[in-house]
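# Examining the three-dimensional arrangement
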2 protein chains.
Amino acid sequence: METTVPHLAKGRTPLEPEKLIRREPVDPGKFKRMIRQMGLKVTQQRLAILESLSAGRAHVTAQEVFETVNASHPEIGFATVYRFLRKMAEQNLVTEVRMGGLPARYELTPRRHHDHLTCVSCGQIVEFECPPIENLQEKVANDHGFQLTHHVLELYGICPRCQAE
Amino acid sequence: METTVPHLAKGRTPLEPEKLIRREPVDPGKFKRMIRQMGLKVTQQRLAILESLSAGRAHVTAQEVFETVNASHPEIGFATVYRFLRKMAEQNLVTEVRMGGLPARYELTPRRHHDHLTCVSCGQIVEFECPPIENLQEKVANDHGFQLTHHVLELYGICPRCQAE
DNA sequence: ATGGTAATTGAAAACGATTGTCAATTCTCG
DNA sequence: CGAGAATTGACAATCGTTTTCAATTACCAT
Ligand SMILES: [Mn+2]
Ligand SMILES: [Mn+2]
Ligand SMILES: [Zn+2]
Ligand SMILES: [Zn+2]
């Protein structure tokens, strides 16, 4: 049986670059404010999901968020996690990262845009910024008369560690 | 109920740019040769799928291929279509194009690499080549010590026609 | 051409991720 | 504190895709 997934060996969990595992700390009331700003009610579930997103590794699947939150809030249902992630993605508070047909991964939308470089062997994800590429993307869109709204740029390759077997 | 799909209104079928609907004509024996080169048996089903891929619009879903082929070969099953598309994708004879969580689309791998610019409003797909972007991608990967294997670059925006309402 | 054999097929069930349903619960605001 | 609307969790449903399996077919050696 062959792997179904085009970009990453089946069963591999993309790992995070160490330097980016932790995001900046947040003050306690921040999450409540975020939720209210979305026009939603502040619930324990939503607070727990936000805490999990901001404290844990970036690029988590809905299932991973569910499992994390479920550990401390055993009564939460995964529908709630999916629903809230979707709502946040709609408002661009979280960014969906999709690799081939794999389950979607989410990260709190960072202040600075970045794209992803993924190791097809071990799943490590490196974030990068490349303004020249961004500019060229604008140019391509304009050349075709398109008004660019967003883009997906994913680079796949073999990381240094995996190159050394 | 909101649309689930991040990049394209639900139910929209991406349209093709007129100038690219038809690929170059192929001589009759070509498909048989392609199949044998993959180390597979030549069957009517596989020939029909290849004909459909090369004659119809580019960027078709497995379901669309199935429906097309099924019209002239009513006995074909969709499992055969999925199986063969997957096998061809593994050998890079067809390229999988994924837009968000939508069903995968396939095109016979063109001799020249290109990426896609998609209208989020009407679904039109424009193919483009941008060597400077490709070079920068190589550079980014190398800067991180990665050996680049492939990439996914999808631009999304509003096409000229849709901008004019 | 024929037959043996492994590859391929179609139908249907299974699958994993995600979404919908709905009655019960919980925020919010007055 | 309530009333009322939003939210929840359990569960079923859906979607695209893959697997299973018995029946068929293409291929190769005779
Ligand atoms: Mn990221
Ligand atoms: Mn294309
Ligand atoms: Zn690696
Ligand atoms: Zn358009």
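Now for a description of the structure that goes with this document. (Residues numbered from 1 in each chain as written. Chains lettered and ligands numbered in written order. Predicted model: local features only at pLDDT ≥ 70, side-chain atom pairs only at ≥ 80, totals over all residues. Heavy atoms only, no water.)

### Quick look at the relation of the copies chain A and chain B
Here the two chain copies are tied together by a rotation about an axis and a shift along that axis. Let me state the cut-off plainly: Only residues with pLDDT of at least 70 in both copies contribute their C-alpha atoms to the least-squares superposition of the copies. Should any heavy atoms of two residues lie within 4.5 Å, those residues are considered in contact.
Mapping chain A onto chain B leaves a residual RMSD of 0.1 Å; the transformation is a rotation of 180° accompanied by 0.0 Å of translation along its axis. Accordingly, the operation relating the two chain copies is best matched by a two-fold axis. Within chain A, the C-alpha atom positioned nearest to the axis of rotation is that of Leu153(A), 2.3 Å from it. With an isologous cut-off of 70% or more, the 100% of interface residues of chain A that recur at the interface of chain B puts this contact in the isologous class.

### Overview of the protein's contact with DNA strand D
To keep it simple, the criterion reads: If even one non-hydrogen atom of a residue comes within 4 Å of a molecule or strand, that residue is called near it. As used in this structure description, the phrase polar contact means that two N or O atoms lie within 3.5 Å; if the pair is within protein, one of them must be able to donate a hydrogen and the other to accept it, and residues adjacent in sequence are counted only when both atoms belong to side chains. Only DSSP runs of H or I covering at least 4 residues are called helices, and only runs of E covering at least 2 are called strands; the numbering of each starts at the N terminus. Classification used: nonpolar for Ala, Val, Leu, Ile, Met, Phe, Trp, Tyr, Cys and Pro, charged for Asp, Glu, Lys and Arg, polar for all others including Gly.
Contacts to DNA strand D come from 23 residues, most closely from Thr43(A), Gln45(A), Thr80(A), Arg83(A) and Val42(B). Considering DNA strand D, the proportion of its atoms within 4 Å of the protein that are sugar or phosphate atoms stands at 72%. Within the backbone of Glu75(A), one N or O atom sits 3.3 Å away from a phosphate oxygen of DNA strand D. One nitrogen or oxygen atom from the main chain of Ala104(B) is found 3.0 Å from a phosphate oxygen belonging to DNA strand D. For the surface near DNA strand D, the elements supplying multiple residues, two or more each, are α2 (44–55) and α4 (78–90) of chain A together with α4 (78–90) of chain B. Take the surface near DNA strand D: its biggest share by element is 5 residues, from α4(B). Taken together, the residues that form the surface near DNA strand D break down as 11 nonpolar, 5 polar and 7 charged.

### Points about the coordination of the manganese ion (ligand 2)
Coordination angles at a metal have ideal targets, namely 109.5 degrees for four tetrahedral donors and 90 or 180 degrees for six octahedral donors. Residues and elements named next belong to chain B. Formally: Water is not among the atoms examined, so metal sites may look incomplete; donors are the N, O and S atoms within 2.8 Å of the metal, or within 3.2 Å for Na, K and Ca. Any coordination sphere not matching a tetrahedral pattern (four donors, all angles between 85 and 135 degrees) or a square planar or octahedral pattern (four or six donors, opposite donors over 155 degrees apart, other angles between 65 and 115) is reported as irregular. We call a residue buried when its accessible area falls under 20% of the maximum for its residue type, exposed when it is over 50%, and partly exposed in between, using a 1.4 Å probe and counting protein chains only.
Taken together, His59 (NE2), Glu107 (OE), Glu107 (OE), His114 (NE2), His116 (NE2) and Glu127 (OE) make up the protein donors of the manganese ion (ligand 2), found 2.0 to 2.5 Å from the metal. Coordination geometry of the manganese ion (ligand 2): the 6 donor atoms subtend angles of 53 to 168° at the metal centre, consistent with an arrangement described as irregular. If you list the donors of the manganese ion (ligand 2) from N- to C-terminus, the spacing comes out as H-x47-E-x6-H-x1-H-x10-E. Of this pair, Glu107 sits in strand β3 (residues 105–108) while Glu127 sits in strand β5 (residues 125–128), placing them 20 residues apart in sequence. On the basis of relative accessible area, Glu107 is assigned to the buried category, the value being 4%. You can call Glu127 buried: its relative accessible area is 11%.

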